[in-house]
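Secondary and tertiary structure notes
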Amino acid sequence: MLAHRPSLIAFVALMLWPAAALAGPIDNWCEQLGKRLRSVSASACRIQNFVAARDITPKGNPLVFLDVATASRRERASSARRILVVGGIHGDELTSTSTVFRWLNWIQHPDAAIHHWRVIPLANPDGLMARPPTRVNSSGVDLNRNFQTPDWTRDAHAYWVKRTRRDPRRYPGKLAGSETETLWLQTQVEEFRPDLIISVHAPYNLLDYDGPVPMPLRFGRLTLNQLGVYPGSMGNFFGLIKQIPLVTIELPNATTMPSQKDQQEMWRDMLEWIKNNKE
Ligand SMILES: [Zn+2]
């Protein structure tokens, strides 16, 4: 019997190991977010059912999402939508990720819970966790210029050179879709098949919109002010090319959250637009 013990121990260890390995990245991710974001605590992050994707960033950070679909099929109204929320694609826009965390609480309320939500609080973890946080990812690429739009090969580098004067914060990458984070977001949309996408940024204090249904005019204090189309942007790729309505929320400040009242008004108007938006 003694001879079997080591193999038994190894067997038990093997059975326990996958659970420990899966819990680890989320725990660590929550720990880092709690340190970086004033309004997010590691403990509040850990109680959410976040899932770490198989893909990891070049710095070894997990790419994390959460599905919230609490209403039963019977409870779901015909206005129920599949909504993808993306925060933190620019790592130095801290309020973007904090806002998405705030929404995770509000999504549970009945008027929002009729929808099926997929929430990605932080699409660029390497950027947010850098010291100091950076807009670009750890390879120096602006993920919001790296999507595989048809105009990318012709326009992305020319735009970067001429219009941004080689601004390192807006480098589109060597190739369209060269970045793990960009390809992962594209895969998320292919798998989840959202009816609409909400992308949260800062600090331009406005709403932008790309896509086929009536555009939102106002969410709280933010009013529609279309910024134009950039080669490789998310709005260009999902909104214009894939024809999935995509709202870009530009919060007024990258490091200070809007007042509670402003956040609630924005949320209320957004839900109203989601309810009314039908192709
Ligand atoms: Zn941004």
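Just above sits the structure.
Residues numbered from 1 in each chain as written. Predicted model: local features only at pLDDT ≥ 70, side-chain atom pairs only at ≥ 80, totals over all residues. Heavy atoms only, no water.

Description of the pattern of salt bridges
Where charged atoms from two side chains of opposite charge come close, those side chains can pair. Taken as a whole, this structure holds twelve salt bridges when the rule is applied. The residue R46 makes a salt bridge to E31 at a minimum N-O spacing of 2.5 Å. One end of the pair, R46, is in helix α2 (residues 42-46); the other, E31, is in helix α1 (residues 5-36), with 15 residues separating them in the sequence. R46 sits in the partly exposed class, given a relative accessible area of 34%. A salt bridge links D142 to R135; the shortest N-O distance between them is 2.9 Å. Each of the two residues, D142 as well as R135, counts as buried. It is possible to trace a salt-bridge network through shared partners that takes in D27, E31 and R46. (Salt bridge = Lys/Arg side-chain N within 4 Å of Asp/Glu carboxyl O. Helix = DSSP H or I, 4+ residues; strand = E, 2+ residues; numbered from the N terminus. Buried < 20%, exposed > 50% of the residue type's maximum accessible area, 1.4 Å probe, protein only.)

Some words on the state of the cysteines
Under the definition given, this model contains one disulfide. Across the disulfide, C30 is cross-linked to C45 (sulfur-sulfur distance 2.0 Å). With the S-S bond torsion at -65°, the cross-link from C30 to C45 turns out left-handed. With C30 in helix α1 and C45 in helix α2, the pair connects residues that are 15 residues apart, well separated along the chain. Taking relative accessible area as the criterion, C45 reaches 0% and is therefore assigned buried. (Disulfide = S-S within 2.5 Å.)

A few points about the pairing of strand β3 (residues 82-87)
Burial analysis of β3 places five of its six residues in the buried class, the great majority of the element. Looking at chain direction, β3 and strand β4 (residues 116-120) are connected through five bridges and run parallel. Looking across to β4, one finds that L84 is bridged to R118. Of the pairings in the sheet, the one linking β3 to strand β5 (residues 196-201) comprises five bridges and is parallel in character. Its bridge partner being in β5, G87 is matched across the sheet by V200. (Pairing = 2+ DSSP bridges.)

Topic: the sheet that holds strand β1 (residues 51-56)
Read from one edge of the open sheet, seven strands run β1-β2-β4-β3-β5-β9-β6, paired in mixed fashion. Looking along the sheet, the strands with just one partner apiece sit at the ends: β1 and β6 (206-210). Ignoring which end each strand starts from, the neighbouring axes of this sheet average 20° apart. In terms of strand pairing, β1 meets strand β2 (residues 62-68) through three bridges, oriented antiparallel. Bridge pairing in β2 places I56 opposite P62. On top of the sheet, helix α3 (residues 94-106) reaches β2, β3, β4, β5 and β9 (246-250); it is set at about 130° to β5, its chief contact. (Axes fitted to C-alpha atoms, helices over the stretch in contact; angles between N-to-C directions. Contact = heavy atoms within 4.5 Å.)

Describing the packing of α3 against helix α9 (residues 260-276)
Packing of α3 against α9 brings their axes to within 12 Å, and their N-to-C directions diverge by 65°. Helix-helix and strand crossings are classified by hand; for α3 and α9 the assignment is right-handed. Where α3 approaches α9, its residues R102, W103 and W106 are matched on the opposing element by Q260, Q263, Q264, W267 and M270. Its residues placed into classes, the contact of α3 with α9 shows four nonpolar, three polar and one charged. (Left-handed = near helix turned anticlockwise from the far one by under 90°. Nonpolar A, V, L, I, M, F, W, Y, C, P; charged D, E, K, R; others polar.)

Focus: the nonpolar core
Ranked by internal contacts, the top residues of the largest apolar core, which has 45 residues, are W29, F50, W103, W117, I198, I249 and W267. Beyond its immediate sequence surroundings of up to four residues, I198 is in contact with I83, L84, V85, V86, W103, V247, I249 and M270. In this structure, L84, A123, F192 and L246 belong to the second largest nonpolar core, which totals 20 residues. (Core = buried A, V, L, I, M, F, W, Y, C linked by side-chain atoms within 4.5 Å.)

What to know about α9
The terminal C-alpha atoms of α9, which comprises 17 residues, lie 25 Å apart, in line with the 24 Å expected from a rise of 1.5 Å per residue. Along α9, the positions that sit buried rather than exposed are D262, Q263, M266, W267, D269, M270, L271, W273 and I274. (Expected span 1.5 Å × (residues − 1).)

Here's the deal with a nonpolar patch on the surface
A cluster of nonpolar side chains, V229, L240 and I241, forms an exposed patch at the surface whose accessible area comes to about 230 Å². One can find V229 in the loop between β8 (222-223) and α8 (234-241). (Patch = residues over 30% accessible without salt bridge, like charges linked within 9 Å, V, L, I, M, F, W, Y side chains within 5 Å. Areas by Shrake-Rupley, 256 points an atom, 1.4 Å probe, with all protein chains shown as cover.)

Quick notes on the coordination of the zinc ion
Surrounding the zinc ion are the protein donor atoms H90 (ND1), E93 (OE), E93 (OE) and H201 (ND1), which sit 2.0 to 2.4 Å from the metal. Viewed at the metal, the four donor atoms of the zinc ion are separated by angles of 57 to 149°, and the geometry they form is irregular. Look at where the donors of the zinc ion fall in the sequence and you get H-x2-E-x107-H. Highlighted residues: E93 in the loop between β3 and α3 and H201 in strand β5, separated in sequence by 108 residues. Here the two residues E93 and H201 agree in accessibility, since each one is buried. (Donors = N, O, S within 2.8 Å, 3.2 Å for Na, K, Ca; no water. Tetrahedral: all angles 85-135°; square planar, octahedral: opposite > 155°, others 65-115°.)

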